[in-house]
Amino acid sequence: MKLELKGITKRFPGVVANDHVDLEIETGEILCLLGENGAGKSTLMNILYGLYSADEGDIVIDGKVQNFAGPGDAIAAGIGMVHQHFMLVPVFTVAENVVLGVEPMRSAGILDLDEARRDVEAISNQYNLAVDPNAVIEELPVGIQQRVEIIKVLFRDAEILVFDEPTAVLTPQEVDEFFKIVDKLKQDGKGIIFITHKLKEVLEIADRIAVLRRGAVVGTADPATATESGLAEMMVGRPVDLMVHKAPSHPGEAVLSVSDLTVMNIQGRKAVDGVSFEVRRNEIVGIAGVQGNGQTELVEALTGLREVAGGTVLIQGEDHTDSNPRQIHNAGVAHVPEDRQRSGLILGFTLTENFVLDSYHAVPFSEGIKMDWKASREEANRLIEEFDVRTPSSEIPASNLSGGNQQKVIVAREFGRQVDLVIASQPTRGVDVGSIEFIHERIVSERDAGSAVLIVSTELDEVMALSDRILVMFDGRIVAEKRPEETTNAELGLYMAGAS
Amino acid sequence: MGNVTAVMTRPTDSRSPAELRRSRVLAIVYLVLALLVLWAFGFGSEGSATFVISRPGDAIRVGDISVPGAGLAFVVAAVLAFLGARQWMAGFGSKTNLVLAIGLGLVALSFLAWAADGASFSLVGLLQEAIKRAVPITFGAVSGLLCERTGIINIGIEGMLLGGAFTGAIVGSTLGATAAMIAAALVGGLLALLLAVLTVKYRVDQIIAGVVINIFVLGLTSFYTSQFLVANPALNNAPIMRAFGIPLLADIPLIGPVLFDQNIFVYAMYLLVAITTFTLFRTRWGLRTRAVGEKPRAADTVGINVYRTKYRNVIIGGLVAGFGGAYFTIGSVGRFDENMTAGRGFIGLAAMIFGRWHPVGAVSAALVFGLADSLQVKLGILDTPIPSEFLAMAPYLVTIVVVAGLVGRSRPPSDYTAYVKE
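Parameters and conventions
Residues numbered from 1 in each chain as written. Chains lettered and ligands numbered in written order. Predicted model: local features only at pLDDT ≥ 70, side-chain atom pairs only at ≥ 80, totals over all residues. Heavy atoms only, no water. Helix = DSSP H or I, 4+ residues; strand = E, 2+ residues; numbered from the N terminus. Rg over C-alpha atoms; globule rule 2.2 N^0.38 Å. Contact = heavy atoms within 4.5 Å. Areas by Shrake-Rupley, 256 points an atom, 1.4 Å probe, with all protein chains shown as cover. Lys, Arg positive; Asp, Glu negative; His and termini not counted. Charge placed at Lys NZ, Arg CZ, Asp CG, Glu CD. Buried area = accessible area lost by both parts, 1.4 Å probe. Salt bridge = Lys/Arg side-chain N within 4 Å of Asp/Glu carboxyl O. Polar contact = N/O pair within 3.5 Å; in protein donor to acceptor, adjacent residues only side chain to side chain. Nonpolar A, V, L, I, M, F, W, Y, C, P; charged D, E, K, R; others polar. Axes fitted to C-alpha atoms, helices over the stretch in contact; angles between N-to-C directions. Parallel < 35°, antiparallel > 145°, perpendicular 65-115°, else oblique. Left-handed = near helix turned anticlockwise from the far one by under 90°. Domains from an automatic or database assignment. Pairing = 2+ DSSP bridges. Buried < 20%, exposed > 50% of the residue type's maximum accessible area, 1.4 Å probe, protein only. Phe/Tyr/Trp six-rings, centres within 6.5 Å; stacked < 30°, edge-to-face > 60°. Lys NZ or Arg CZ within 6 Å of the ring centre and 35° of its normal. Core = buried A, V, L, I, M, F, W, Y, C linked by side-chain atoms within 4.5 Å.

Undergrad: Could you clarify how one ought to interpret the overall build of chain B in this entry?
TA: Along its length, chain B carries 16 helices and five strands. Relative to the globule expectation of 22 Å for 422 residues, the C-alpha radius of gyration of chain B, 24 Å, shows essentially globular dimensions. Over its C-alpha atoms, taken along the principal directions, chain B stretches across nearly 65 × 60 × 40 Å. Summarising the internal contacts of chain B: among those between residues at least 6 apart in sequence, 77% fall at separations of at least 24. Accessible surface, chain B: about 18800 Å² in total, of which carbon and sulfur atoms supply 69%. Computed over 31 positive and 21 negative side-chain charges, the inter-centroid distance for chain B is 13 Å.

Undergrad: I tried to follow the interface of chain A and chain B on my own but got confused; where do I start?
TA: How big an interface is tends to be expressed through the accessible area that disappears when the partners come together. Each partner contributes residues to the interface: chain A has 31 residues there, and chain B has 23 residues. Together chain A and chain B conceal approximately 2200 Å² of surface at their shared face, both sides included; 64% is due to carbon and sulfur atoms. For chain A, the biggest contributors to the area lost against chain B are Met87(A), Leu100(A) and Leu111(A); these three give 22% of the whole. Its salt-bridge partner being Arg288(B), residue Glu103(A) comes within 2.9 Å of it at the nearest N-O pair. If you look at where chain A meets chain B, you find six residue pairs in polar contact (both at pLDDT 80 or more). Of all the elements in the fold, those that place two or more residues in the side of chain A that touches chain B are helix H2 (71-76), helix H3 (94-99) and strand S8 (110-111) of chain A. At three residues, the largest contribution of residues to the side of chain A that touches chain B is made by H2(A). Across the side of chain A that touches chain B, the residue classes tally to 18 nonpolar, seven polar and six charged.

Undergrad: Looking at this model, I keep getting lost on the packing of helix H14 (residues 344-354) of chain B against helix H15 (residues 359-381) of chain B. Mind explaining?
TA: What describes two packed helices is the angle between their axes and the distance between those same axes. Residues and elements named next belong to chain B. Between H14 and H15, the least distance of the axes is 7 Å, while the angle of their chain directions is 130°. By the angle class used here, H14 and H15 are oblique. For the crossing formed where H14 meets H15, the hand is right-handed. Two secondary-structure elements touch here, H14 through Arg344, Ile347, Ala350, Ala351 and Phe354 and H15 through Gly361, Ala362, Ala365, Ala366, Phe369 and Asp373. Looking at the contact of H14 with H15 residue by residue, the class counts come to eight nonpolar, one polar and two charged.

Undergrad: I keep staring at the domain arrangement of chain A and nothing clicks. Help me out?
TA: All names here are of chain A. By domain assignment, chain A separates into domain 1 (2-236) and domain 2 (254-496). At the junction of the two partners, domain 1 supplies ten residues and domain 2 supplies twelve residues. In total, about 850 Å² of surface goes out of reach between domain 1 and domain 2, with carbon and sulfur atoms giving 56% of it. Three residues, Glu36, Asn37 and Pro172, lead the burial of domain 1 against domain 2; their summed loss comes to 40% of the area buried on that side. Applying the counting rule to domain 1 against domain 2 returns two salt bridges. Note that glutamate 459 and lysine 198 form a salt bridge whose closest N and O atoms lie 3.4 Å from each other. Joining domain 1 to domain 2, the criterion identifies three residue pairs in polar contact (both at pLDDT 80 or more). At the level of secondary structure, the elements contributing two or more residues to the side of domain 1 that touches domain 2 comprise helix H6 (172-187) and helix H8 (228-236). Looking at the side of domain 1 that touches domain 2, its residues break down into three nonpolar, four polar and three charged.

Undergrad: Could you clarify how one ought to interpret the sheet that holds strand S3 (residues 30-35) of chain A in this entry?
TA: Strand pairing in a sheet is mediated by backbone hydrogen bonds. Such pairs are either parallel or antiparallel. Residues and elements named next belong to chain A. Sheet architecture is open: six strands sit in the order S6-S9-S10-S3-S11-S12, paired in mixed fashion. Where the open sheet ends on each side, the last strands, each with one partner, are strand S6 (79-82) and strand S12 (216-221). Strand-to-strand twist of the sheet, defined as the mean angle between neighbouring strand axes without regard to direction, takes the value 20°. Here five bridges tie S3 to strand S11 (residues 208-213), and the two strands are oriented parallel to one another. Paired with cysteine 32 across the two strands is isoleucine 209, which belongs to S11. Those strands touched by helix H5 (residues 142-155) are S6 and strand S9 (160-164), and its axis lies near 170° from that of S6.

Undergrad: For this particular structure, what's the right way to read the sheet that holds strand S4 (residues 56-61) of chain A?
TA: Residues and elements named next belong to chain A. Taking strand neighbours across the sheet as the criterion, the four strands line up as S2-S1-S4-S5 in an open arrangement whose pairing is antiparallel. Sheet topology places strand S2 (15-26) and strand S5 (64-66) at the edges, where each strand pairs with a single neighbour. Averaged over all neighbouring strand pairs, the angle between strand axes comes to 25°, with direction disregarded. For S4 and S5, the ladder comprises three bridges, and the chain directions are antiparallel. What sits directly across from isoleucine 61, in S5, is lysine 64.

Undergrad: Can you walk me through the pattern of salt bridges in this structure?
TA: Pairs can form between side chains of opposite charge whenever their charged atoms are close. A full pass over the atoms with the stated rule returns 41 salt bridges over all chains. Its salt-bridge partner being Arg344(B), residue Asp373(B) comes within 2.8 Å of it at the nearest N-O pair. Here Asp373(B) is found in helix H15, whereas its partner Arg344(B) is found in helix H14, with 29 residues between them in sequence. No difference in accessibility class separates Asp373(B) from Arg344(B), as the two residues are buried. One network of salt bridges, with partners in common, ties together Arg106(A), Asp112(A), Asp114(A) and Arg117(A).

Undergrad: How do you make sense of the pairing of strand S21 (residues 421-425) of chain A when you look at a structure like this?
TA: Consecutive side chains of a regular strand alternate in pointing toward one face of the sheet and then the other. Residues and elements named next belong to chain A. Extensive coverage of S21 is indicated by the burial of five of its five residues. Burial along S21 is two-sided: the face carrying Leu421, Ile423 and Ser425 and the face carrying Val422 and Ala424 are both buried. Judged from the four bridges that link them, strand S18 (residues 333-336) and S21 form a sheet pairing that is parallel. Pairing of valine 333 across the sheet is with leucine 421, part of S21. Relative to strand S22 (residues 452-457), S21 runs parallel, the two being bridged by five bridges. Among the inter-strand pairings, serine 425 is bridged to a residue of S22, identified as valine 456.

Undergrad: How should I be thinking about the packing of aromatic side chains in this particular structure?
TA: Both the distance between ring centres and the angle between the ring planes are used here to describe each pair of aromatic rings. Enumeration according to the criterion identifies 22 aromatic pairs over all chains in this entry. With 6.0 Å between their ring centres and 80° between their planes, Phe265(B) and Tyr327(B) make a pair best called edge-to-face. Of this pair, Phe265(B) sits in helix H10 (residues 264-282) while Tyr327(B) is found in helix H13 (residues 306-333), placing the two residues 62 residues apart along the sequence. With respect to class, Phe265(B) is no different from Tyr327(B); both count as buried. The cationic tip of Lys408(A) hangs over the ring face of Phe438(A); the distance from NZ or CZ to the ring centre is 5.3 Å.

Undergrad: Can you walk me through the nonpolar core in this structure?
TA: Across soluble globular proteins, nonpolar side chains show a tendency to be buried alongside one another. Val94(A), Ile150(A), Leu185(A), Ile209(A) and Leu231(A) are the most contacted members of the largest nonpolar core, which has 66 residues in total. Not counting residues up to four positions away in its chain, the partners in contact with Leu185(A) are Tyr127(A), Ile150(A), Leu154(A), Leu161(A), Phe163(A), Lys190(A) and Ile192(A). With 62 residues, the next largest nonpolar core counts Ala177(B), Val266(B), Met269(B) and Ala326(B) among its residues.

So this is what it looks like as structure tokens:
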């Protein structure tokens, strides 16, 4: 089967999401579609999958022009899609999810779930996708959920499989496993479109590479000859420095001292279990770990968002164990939360309102009960300038910005004042390459200006590149402490998986 | 050694803190009830209550049962105390609500023995009435869950019941009972179509859309009642569906007359529960319905038409509620009165939640409410020291207690946000 996209154009109010895109893919090969967030990759794939309709251009399969009115038509034509956010019903079993929409039946309208289970088992045996058809989705780890998505696509006899940012949610070990699966699919004659912004993965798995920027295909590359920096330049449109440059650190006195800290999660179980560590001036400490090993609760406890069940937190020698977020803010702490849309910004507020969200209550932004919007706007414009936030104005809602620019707004708000301690959780998650470079530079310059910096990230490469000291968290405890120059990704990966 | 003591002092309890808290609350409720039963009914009863469990015309007659109120109260108090202790220590897991229902049933029985102390009381009559009164509540609850399983909250059930009742009266008076049932269902379906258009197409807040329907129907039916039905009594004189026994089944003592000697609405309720249970969990329609309710985008990406599914289910829910509404007129008293549903639609919603969005759970919960309702009617006849106003509160009181305190947090099966197709 040969799939061609010819001159696909899609306009949204104010933007051209896809600008005369031409692509082609045949079964038995892996095409990597590389581009930053907002480059139009997902729009293009949603058009291919029938979720959007293109304003111009054709989808051609084996020479025949297709007309997809909805996902059902795309599925019928042999196109399958594994979405970035899994399209699984959390309370259904694996088998129910797989057959949803094309259910096997006993007789008119009556489900045959035994048949569904057998079908799932047949596919999972054929492609080495081990999964229990009777398991309920919400009880499965994301790596397994992804397998269910793949089985779902294969069950519909897809010839071309589209993977939208498939590795974003996986641990390093799961990524390796996933690549084996993709390779097996290719051997079995499936065509794969792999959408990502991770350069390393592209070079590892692609047969061909197409780079998308501002909605248009700006170039293609051969993975045998391409380099990471060359691809990055194509993606961003200017040379990008992928390395984090920093001088050796000369740590000073401790700014944050945590001893024997215990924190409960929402279910009331121990999420952080007797953790002790220090972060000192002029030092970046990185916490590595697989998502869900207590990092979220740790950061929430340190920033006053979650009750501490035991232990103490000292900031510059003062006890802040039970302080509220504003007290901690006033103690000179900057906090970049892990989920920028849920806890970093108020999406419906303008940039100006978001910029003063932490300081609106004091001079110069307010006096008594009256807000001083003029001073607020001046501050907003200063931060937009200094932190290179790409926006037409300070008076548009934060929801209108791309992910990378939203993150810059938070970084600007938090780093825009004098602080002694920076706590940044997933500082570059879902952020484009250009913004990552910028945010990393700012974090290092905060350190050089004398702050103590605590980074929490599930991206091992990021922790390795930024940290002066690395702590690995597993099951609520710190299981290893390493310096980046004396360890490897593989060693840290083992600690992250619980080996000791 | 240290390990061993640690294990012994902290027995493993798999309950989460929230479950544990609820267990403790429930346990205390059981103990309080036990004390209440002991004090009020145990020491308050002197003679025996006679429960009549056969009717004069029954094929197989069973003798009346005479129960000493005090003795029964002591037994019930002991059982409640045991349930409370068990709830505190280990809990009942998934059977918590079932055990709770049994416990409350025992309290009700003991209460009856006390209320009928020294007199004779027809148990058959009470249960028969309970089943009848559960009918509109069940129809409301099933209507609600059909909508909620597909992601639409139907607050408008009350209005749909009322609309069905009004239509039932007028059409029943003019065209007869069969036409009345069909017309009542259609009116419910039309109101549901309005709800679907408002919430699915125009994305109006679901609660507001439902309230609008309730107010609209209440206003309209009240207006026409005072303007036309009062002046034309012939339009408000519908036939009443008579009870008919199902051969053989109706002859079983107690169960027969209670369950199988009823009118067509009660049999329709049995069918409704059986059919919705089967279709929701065993058919393609059910799987797709639940998928749309739980995660509409997932359903959309596998080619299921989310909007059409929502429209279809909400309209079916409306048909069910409209038909159930006809019970008030042609299934019960034969005439329409202003606001005669008196909140039964909302109690239906409570039954849906108590029954955890499952038809069987919903009908069980509706029976609890029906029993409370029937009790207040029957006890009004007996000479009890409780003022009749308090007795009339019973169904609503049970609703508040059940929904607010005892059910625990139920997770609705739905994503209630309006679905916006990309």
